[in-house]
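Residue-level structural notes
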Amino acid sequence: MIFLDAAATTPVRREVLDAMWPYLAGGFGNPSSHHTLGEAAAAALTGARTAVAAVLGCRAGEVVFTSGGTEADNLAIKGIALARQAANPQLNRVVISAVEHPAVEESARYLERFHGFAVDVVPVDATGRVTPAALAGLLRPETALVSIMYANNEVGTIQPIAALAELARGQGIPFHTDAVQAAGWLPLDPRALGVDAMSISGHKLGAPKGCGMLFIRGRTRLEPVIHGGGQERGRRSGTENVAGAVGLATALTLAQERQAGQQARVAALRDRFIGAVLAGVPDAVLTGHPAERLPSVASFCFPGTSGESVLLELERRGVVCSSGSACAAGSDAPSPVLTALGIAPEVAQTAVRFSFDASVTQEDLDTAAAAVQAAVAGVRNLGAGQGR
Ligand code: PLP
C-alpha cells in the first residue's frame, strides 16, 4: 500500500513512542501529585514544554498543551474573543478566512450563536490566498480577533501570515493562526511571524492522536474553555497527558530537524508528481497555489469523474489518499474550501488530495501517478458505459 494521506494523519514514529513509553508504564504519576512519581511526571511535562518552546523560539510559559488541533483552535478563538469582549463589550466581531478548518469556523459560529459576535469571512483568491488588501477591508474597531490558517489542509496553499498578522496587530487586534498542516514544513517562530496564538496537532507529525498545543503570547488575555483544577496555569484544566506532551515535543523536534534537510527534496518530488499526473490526465486541474504550497500536498480535480470513485479505483490499485479533508470524507457536499476558490460545485466534487510525509519516495510517487491515470480512465470508462 502507498499511503498518500499524511495530511489526515501519520503513523507514530518509533523515536516518539520510545520517548513516551516511560510515562505510560513505570512513570505514570499525576504531575499535580506531591510525591516522587508525581514530581517525575511534572519534570517530564516541564521538559516537554521547554523542548516545544525551543522549537518555536518562544517561552515555555507560552505553551499550553491540549488534546489536539481542534481544542487548540477552540481555545484560541473562544478564549481570546471572550476575554476581549469581557474587557470591552464593543469588541464583538471576529474575522476568519473562507478556507478555515471546521475547528476554526465552528468556533467562530459558536461565538455568533451564543455570545453576540458577528463573523466576517475574508475571501480568498483562485489560488486560495488571502490578500492583505482583502483583510484590511474587514478590520474594524470592534474586531476582537483575526484567525487565518498558515497552510490549508485540502489544497496546501500557504498564507502570507507575517503580512496578515502585521496588519491586524498594527490595529491592536490579536492574530491566531492554525498551523496544524504547516508544522514540520514551515518556520514556526511566532515572533518572526508576528502571531499572538498558534495551534499545532501531534498526530500530523508522527505523535499519537489526542495531543496538541496552543502557543499563546505572554500577556494575551485568554478565557479558558475547559474549567476545572487549573492545570496549564489555569488556561486548560484537566490532568495533563504527560506521555502525549512528551510525544508531541519529540515529534516536533524531529520534524524541525527534518524540515531543513527534507523540504526541498519533498517539494521536488511533489512537483514531479504533479507533472506526471497532469501528463497522464491532461484535463486534470491542480488546485491551490502553484508555488506557495506545502511541499507535502498535491491536490487535483478530475472533471467528469467523481472524487469518491477515483479514490476507490486508486485504493484497488494500492494507493490510499482522500477527497479532501478527513473530516468531510464520505460527504457528498462539495468542499467549501474548493468552492471558496471559485471552483464550480460539480468540479469540486471530483477532488482528490495526495499528501505525504518526508518518508515518501520517488518510486512511490511514480507508481501513484501511473495509478491515477489508470483510475481516472477506469472511472470515465465506467461512466461512459453507464451512459450508453
Ligand atoms: N486544523 C487543520 C488545518 C487540520 O488539518 C486539522 C486536522 O485535520 C485540525 C485543525 C484538527 O486537528 P486535530 O485532528 O488534532 O483535532
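Residues numbered from 1 in each chain as written. Predicted model: local features only at pLDDT ≥ 70, side-chain atom pairs only at ≥ 80, totals over all residues. Heavy atoms only, no water.

With that settled, the discussion passes to the overall build of the chain. When its secondary structure is counted, the chain shows 12 helices and 12 strands. Relative to the 2.2 N^0.38 estimate, which gives 21 Å for 388 residues, the radius of gyration of the chain is 21 Å and therefore close to what a compact globule would have. Along the longest, intermediate and shortest principal axes, the C-alpha atoms of the chain span 70 × 50 × 35 Å. When contacts within the chain are restricted to residue pairs at least 6 apart in sequence, long-range pairs at least 24 apart make up 74% of them. For the chain, the accessible area works out to roughly 15,600 Å², and carbon and sulfur atoms hold 55% of it. The distance from the centre of the 31 positive side-chain charges to the centre of the 35 negative ones in the chain is 3 Å. (Helix = DSSP H or I, 4+ residues; strand = E, 2+ residues; numbered from the N terminus. Rg over C-alpha atoms; globule rule 2.2 N^0.38 Å. Contact = heavy atoms within 4.5 Å. Areas by Shrake-Rupley, 256 points an atom, 1.4 Å probe, with all protein chains shown as cover. Lys, Arg positive; Asp, Glu negative; His and termini not counted. Charge placed at Lys NZ, Arg CZ, Asp CG, Glu CD.)

Attention shifts here to empty space enclosed by the protein. If you walk through the whole model with that rule in mind, you get 1 cavity of 30 Å³ or more. Approximately 40 Å³ is the volume attributed to the largest cavity. Taken together, Glu154, Val155, Thr287, Ser299, Ser323, Gly324, Leu338, Ala351, Val352 and Arg353 form the lining of the largest cavity. Broken down by element, the residue count for the lining of the largest cavity peaks at 3 residues, all from strand β12 (residues 351-355). Grouping the constituent residues of the lining of the largest cavity by class yields 4 nonpolar, 4 polar and 2 charged. (1 Å grid on protein atoms, 1.4 Å probe; cavity = no way out; pocket = protein on both sides within 12 Å on 5 of 7 lines; lining within 4 Å. Points joined across faces, edges and corners; volume = space filled by probe spheres on them. Nonpolar A, V, L, I, M, F, W, Y, C, P; charged D, E, K, R; others polar.)

Burial analysis of β12 places 5 of its 5 residues in the buried class, which makes it a mostly covered element. Neither face of β12 is open: one carries Ala351, Arg353 and Ser355, the other Val352 and Phe354, and all of them are buried. (Buried < 20%, exposed > 50% of the residue type's maximum accessible area, 1.4 Å probe, protein only.)

Turning our attention to the domain arrangement of the chain. Considered domain by domain, the chain is made up of domain 1 (2-6 + 260-387) and domain 2 (14-254). On a C-alpha basis, the centres of domain 1 and domain 2 stand 29 Å from each other. Residue-level contacts link 26 residues of domain 1 with 21 residues of domain 2. For the domain 1 face of the interface with domain 2, the top three residues by lost area are Leu294, Val337 and Leu341, together amounting to 30%. (Domains from an automatic or database assignment. Buried area = accessible area lost by both parts, 1.4 Å probe.)

With that out of the way, let us pick up the packing of helix α1 (residues 14-24) against helix α8 (residues 242-280). At a minimum axis distance of 8 Å, the contact between α1 and α8 shows a crossing angle of 160 degrees. It follows that α1 is roughly antiparallel to α8 by the angle criterion. Two packed elements cross with a definite hand, and for α1 against α8 that hand is right-handed. Judged by residue contacts, Glu15, Val16, Ala19, Met20, Tyr23 and Leu24 of α1 engage Val242, Ala243, Gly244, Val246, Gly247, Thr250, Ala251 and Leu254 from α8. Each residue belonging to the contact of α1 with α8 can be placed in one class, and the counts come to 10 nonpolar, 3 polar and 1 charged. (Axes fitted to C-alpha atoms, helices over the stretch in contact; angles between N-to-C directions. Parallel < 35°, antiparallel > 145°, perpendicular 65-115°, else oblique. Left-handed = near helix turned anticlockwise from the far one by under 90°.)

Moving on, we come to the site of the ligand. Around the ligand sit 13 residues, and of these Thr70, Asp178, Gln181, Ser201 and Lys204 come closest. At 3.5 Å from an oxygen atom of the ligand is found a side-chain nitrogen or oxygen belonging to His101. Interatomic distance of 2.6 Å between a side-chain N/O atom of Ser201 and an oxygen atom of the ligand. If the ligand stood free it would expose 390 Å²; the protein chains cover 87% of that surface. For the shell around the ligand, the element with the most residues is helix α3 (residues 69-87), which contributes 3 residues. (Near = heavy atom within 4 Å. Polar contact = N/O pair within 3.5 Å; in protein donor to acceptor, adjacent residues only side chain to side chain.)

Attention now goes to the sheet that holds strand β8 (residues 212-216). Sheet architecture is open: 7 strands sit in the order β2-β8-β7-β6-β5-β3-β4, paired in mixed fashion. The open sheet is flanked by β2 (63-66) and β4 (118-122), the only strands paired with a single partner. In this sheet, adjacent strand axes meet at a mean angle of 20 degrees when their direction is disregarded. Across 5 bridges, the pairing between strand β7 (residues 197-201) and β8 is antiparallel. (Pairing = 2+ DSSP bridges.)

Okay, the pattern of salt bridges next. Inspection of the entire model under this criterion finds 18 salt bridges. Between Arg140 and Glu142 there is a salt bridge whose closest N-O contact spans 3.8 Å. The exposure class assigned to Arg140 is partly exposed, which follows from its relative accessible area of 37%. Each of Arg59, Glu62 and Arg191 takes part in a single network of salt bridges with overlapping partners. (Salt bridge = Lys/Arg side-chain N within 4 Å of Asp/Glu carboxyl O.)

Taken in spatial order, the 3 strands of this open sheet run β9-β10-β12, and their pairing is antiparallel. Of all the strands in the sheet, just β9 (285-286) and β12 have a single pairing partner and so form its edges. Two strands pair when backbone bridges link them, and strand β10 (residues 297-301) and β12 are joined in this way by 5 bridges, in the antiparallel orientation. Paired with Ser299 across the bridge in β12 is Arg353. Contacting β9, β10 and β12, α8 crosses the sheet at an angle of about 15 degrees to β10.

Viewed as axis vectors pointing N to C, α3 and helix α4 (residues 102-115) meet at an angle of 35 degrees, and their least axial separation amounts to 8 Å. α4 is crossed by α3, and the crossing has right-handed handedness. Touching Thr70, Asp73, Asn74, Ile77, Lys78, Ala81, Leu82 and Gln85 of α3 are Ala103, Val104, Ser107, Ala108, Tyr110, Leu111 and His115, all from α4. Of the residues in the contact of α3 with α4, the class split is 8 nonpolar, 5 polar and 2 charged.

Once that is clear, we can look at helix α2 (residues 36-56). Owing to its 3.6 residues per turn, the α-helix brings residues three or four apart onto one side. The terminal C-alpha atoms of α2 lie 30 Å apart, and with 21 residues this matches the ideal 30 Å at 1.5 Å per residue to within 8%. Gly38, Ala41, Ala44, Leu45, Ala48, Arg49, Val52, Ala53, Val55 and Leu56 are the residues of α2 that are buried. On its buried face, α2 is in contact with α1, β2, α7 (190-193), β7, β8 and α8. Backbone geometry just downstream of α2 places Gly57 in the positive-phi region, at approximately 75 degrees. (Expected span 1.5 Å × (residues − 1).)

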